[in-house]
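Reading the structure
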Amino acid sequence: MGDGGPDKEIALTPGKRVLFLTKDLDLIKQQLYEGLDLRMEDLTVDDLLDDINTDVMTPAWVCFDHDPAEIAKNAYAGLMHNGLRVFRENALKDGNFEVIVSGQRKGTGSSRETAAQCERWAGISIVIAASFAPIHERNNINLGQLMGNHAMLERLQAGESIALSEFTAKYDSVTQLIVERGGLFPFAKLLKAGDLELAPLNTPSRPMTMAERIISRNLVGQPEDQCVQPGDPVIAEVQGGYSHEFTTAQVHSFLQAEYGEDYALPNPSKFAVFEDHLLYAQHNPKFVPFMNKVQTLRDLQVAFQQHTGVRDYSAVDGVSPGICHQVAREEFIEIGDFILATDSHTCMGGASNALTWGVGATEYANLVSAGFTFVKVPESIRFELVGELHHGCTAKDVILAILADHARQELTLNRSMEFGGPGLTSLSIDERATLCNMATECSGRTGICEADDALMAWMMKAQPHLSEAEQRARMVAPDEGAHYDGGVHTIDLSTIVPMVAHPGDPDQGVPSDPTNGANISDIGQVAVDIAYGGSCTAGKEDDIAYYAEVCQAAKAAGLRVKDGVDFYIQYGSRQVKDLAVRNGWHDLFLEVGVKLIDPGCGACIGAGPGVSITPEQVTVSAINRNFQGRSGPGKLYLASPLTVAASAFTGQISMWRSDLFA
């Protein structure tokens, strides 16, 4: 994956160009198509686009190609202006750019490594931003991309050369080696061959957070009681992982390229493949022309599974066992596990008191072939929950409030978000999963909840083959006196009110973003065309119970889904659907006019029923992201399952209360 690594002195290549991603989209077009060249000294960081997300860089349909060279042809295909692509096909590559520049939080959203690949294979070798989302930053490092700040760019444009060590000084010693060698695969090969020596870990005994404790007990080549602290570069074992049909093809291809056609995995039983993301892609007219590529991804996943012998969660007769994150926590994530997978919502497993996060295809390919991975110990931030939620509020409202406050201030950036306190015990395990699931929307590294008797009861019901004594012994709690770089923040659940994240105004440089929080009481009347309940965030058992509560009240009032509104509910797993059938909810939903969808992903990634079709349509959705174009071209408001269901019957975004239909 690397090409020998960068030069020791970094300078701009004569004749190569710098592309500034400005909030003024016309300026981007002038750079792409009219030869305009800008200079950092004439701009400010405020002039540059913030929160460029991975869906903008490589929308879902671009990811149907698994060859990075093909992906690069459609780099930034999701950046739209007046309904048209700002970047035409091959625009980034044909522009002869080697540097790309943006503002805050580059690469938010999905863990898809394709976002970093589209730049590298289009000729970009230096990425400039004020800050980076953690998974995207790691993907750049794994591909050997240099990342710098705007002051460094001014110096480069002034003709100065900058030492490579200045680009890598902010990194730990192992990350420095990865960048210097040109990426993760070249580094890993040298490490396996004994041609690299890692500095010994000498962190003294100290109180540790939950994330630190789990990493410390999985250390490779260290004493049994070795402590860790934020920033420590370590090699750690993982208890398992998984990929899905959007990512497995690249994993398979990368392993073949690096280790030959006959490569083998040392612990295939620890890993799994899921067919869940693209089952319903043909329902989106935009994806129909690419169904041959979708089939190729499916076929390559089958080839990988058969070649390696990893656990198989393929669809049967067109029906998936469920969304990978939901099924993983139902069937094989155990308390205290360290799990990595090729999807940013892997962090949902933190509800099981496990350490789980998403990685790119390169990192995943490396860890499944080695059985261990490189980890830079993350900082932590603590959320102490007190009080109880009022009826009508859910964990989704809690995390929307955290997004609008703590995440917008970047307090959660690249940190493990720990949830604990007496208020946590008032939340079900499914509700805790919602908090952890959306840690990635906070640009956090992961989310993790403290363990208690409620979790143990849930685990024993979900996985009755487990030993309760062993699971209790695996429970992880923060040590007294543990340090939180992000601070300790008390969230009084009784003060939470129903919220949405509004779709922003992308044409004016205000991106659609989950941090756009607003109280429903403050947004006025917002008519909706689509109400969608589903996704890993909101297709769990408790979420289905929320939809049923509202639908039962609507039925009692003689109501059906409002004319002109399409209300979709998609089950998160086979187990969730079975519960709905047993409880009579499945029939209830059909009776009041809900359109039901079998388990799997769908509208959340624009690949299934429930996506908007026109820019004028308004959706209220219980999914996790409202990035422009992710779930169709319309405007999307994020909301809780209760709000989504209530809105489906009123025809406008509405807070749920028990007398709403009276």
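The present account deals with the structure reproduced in this document. Since we're looking at a predicted model, the values are computed, not measured.

Here's the deal with the overall build of the protein
Helices and strands together make up the secondary structure of the protein, namely 24 helices and 26 strands. By the compact-globule yardstick of 26 Å for 662 residues, the protein fits well, its C-alpha radius of gyration being 24 Å. Across the protein, every contact between residues at least 6 apart in sequence was considered, and the portion connecting residues at least 24 apart equals 75%. For the protein, the exposed area adds up to about 23100 Å²; of that, 47% sits on carbon and sulfur atoms. Treating the 51 positive side-chain charges of the protein as one cloud and the 86 negative ones as another, the clouds have centres 2 Å apart.

Side note on empty space enclosed by the protein
Following the criterion strictly, the structure yields 5 cavities of 30 Å³ or more and no others. As a volume, the largest cavity reaches approximately 330 Å³. Taken together, 30 residues form the lining of the largest cavity, with S110, H244, F246, H277 and D343 sitting closest to its centre. Of the residues assigned to the lining of the largest cavity, the class counts are 9 nonpolar, 15 polar and 6 charged. In this structure, the second largest cavity spans a volume of roughly 100 Å³.

Brief notes about the sheet that holds strand β13 (residues 338-341)
The parallel open sheet is built from 5 strands, whose spatial order is β12-β11-β10-β13-β14. Pairing within the sheet leaves two strands with one partner each, and these edge strands are β12 (311-313) and β14 (355-358). The average angle at which neighbouring strand axes cross in this sheet is 20°, direction not considered. Across 4 bridges, the pairing between β13 and β14 is parallel. From the neighbouring strand, F338 faces β14, where its bridge partner is L355.

Re the side chain of T356
Mapping T356 onto the fold places it in strand β14. Only 3.5 Å separates the side chain of T356 from the backbone oxygen of C347, close enough to count as a polar contact. One polar contact links the side chain of T356 to the main-chain amide nitrogen of G350, over a distance of 3.4 Å. The residues touching T356, leaving out its near neighbours within four places in the chain, are I333, I339, T346, C347, M348, G349, G350 and T446.

A word on helix α1 (residues 25-33)
Regarding α1, the residues found buried are L25, I28, Q31 and L32. Each buried residue of α1 sits inside an arc of 115° when the element is viewed along its axis, so together they form one side. Those residues of α1 that are buried lie in contact with β2 (17-20), β3 (80-81), α4 (91-94) and β5 (97-101). Sitting at the amino-terminal end of α1 is D24, which places a side-chain oxygen 3.1 Å from the backbone nitrogen of D26. Positive backbone phi, at 80°, marks G35, one or two positions downstream of α1.

Considering the sheet that holds strand β17 (residues 415-420)
Pairing between sheet strands relies on hydrogen bonds along the backbone, with the strands arranged either parallel or antiparallel. Here we have 4 strands laid out as an open sheet, ordered β18-β17-β16-β19, and parallel in their pairing. The open sheet has two free edges, formed respectively by β18 (446-449) and β19 (488-492), since each of these has just one partner strand. Geometrically, the sheet is characterised by an average inter-axis angle of 25° between neighbouring strands, direction not taken into account. Packed onto the sheet, helix α17 (residues 429-437) meets β16 (379-386), β17 and β18 and runs at close to 155° relative to β18.

Re helix α13 (residues 291-308)
The end-to-end C-alpha distance of α13 is 26 Å, a good match for the 26 Å that 18 residues give at a rise of 1.5 Å each. Where α13 is buried, its residues touch β10 (240-244), α12 (248-259), β11 (271-274) and β12. Within two residues after α13, G309 carries a phi angle of roughly 80°, on the positive side.

Looking at the environment of G420
Its place among the elements puts G420 in strand β17. Beyond its immediate stretch of four places on either side in the chain, G420 contacts R382, F383, E384, L385 and E450.

What about the pairing of β2?
A two-sided burial pattern is seen for β2, the buried positions comprising R17 and L19 on one face and V18 and F20 on the other. Of the pairings in the sheet, the one linking β2 to β5 comprises 4 bridges and is parallel in character. Across the sheet, the residue bridging to L19 is I100, located in β5.

Cut-offs applied
Residues numbered from 1 in each chain as written. Predicted model: local features only at pLDDT ≥ 70, side-chain atom pairs only at ≥ 80, totals over all residues. Heavy atoms only, no water. Helix = DSSP H or I, 4+ residues; strand = E, 2+ residues; numbered from the N terminus. Rg over C-alpha atoms; globule rule 2.2 N^0.38 Å. Contact = heavy atoms within 4.5 Å. Areas by Shrake-Rupley, 256 points an atom, 1.4 Å probe, with all protein chains shown as cover. Lys, Arg positive; Asp, Glu negative; His and termini not counted. Charge placed at Lys NZ, Arg CZ, Asp CG, Glu CD. 1 Å grid on protein atoms, 1.4 Å probe; cavity = no way out; pocket = protein on both sides within 12 Å on 5 of 7 lines; lining within 4 Å. Points joined across faces, edges and corners; volume = space filled by probe spheres on them. Nonpolar A, V, L, I, M, F, W, Y, C, P; charged D, E, K, R; others polar. Pairing = 2+ DSSP bridges. Axes fitted to C-alpha atoms, helices over the stretch in contact; angles between N-to-C directions. Polar contact = N/O pair within 3.5 Å; in protein donor to acceptor, adjacent residues only side chain to side chain. Buried < 20%, exposed > 50% of the residue type's maximum accessible area, 1.4 Å probe, protein only. Arc of directions from axis to C-beta. Expected span 1.5 Å × (residues − 1).

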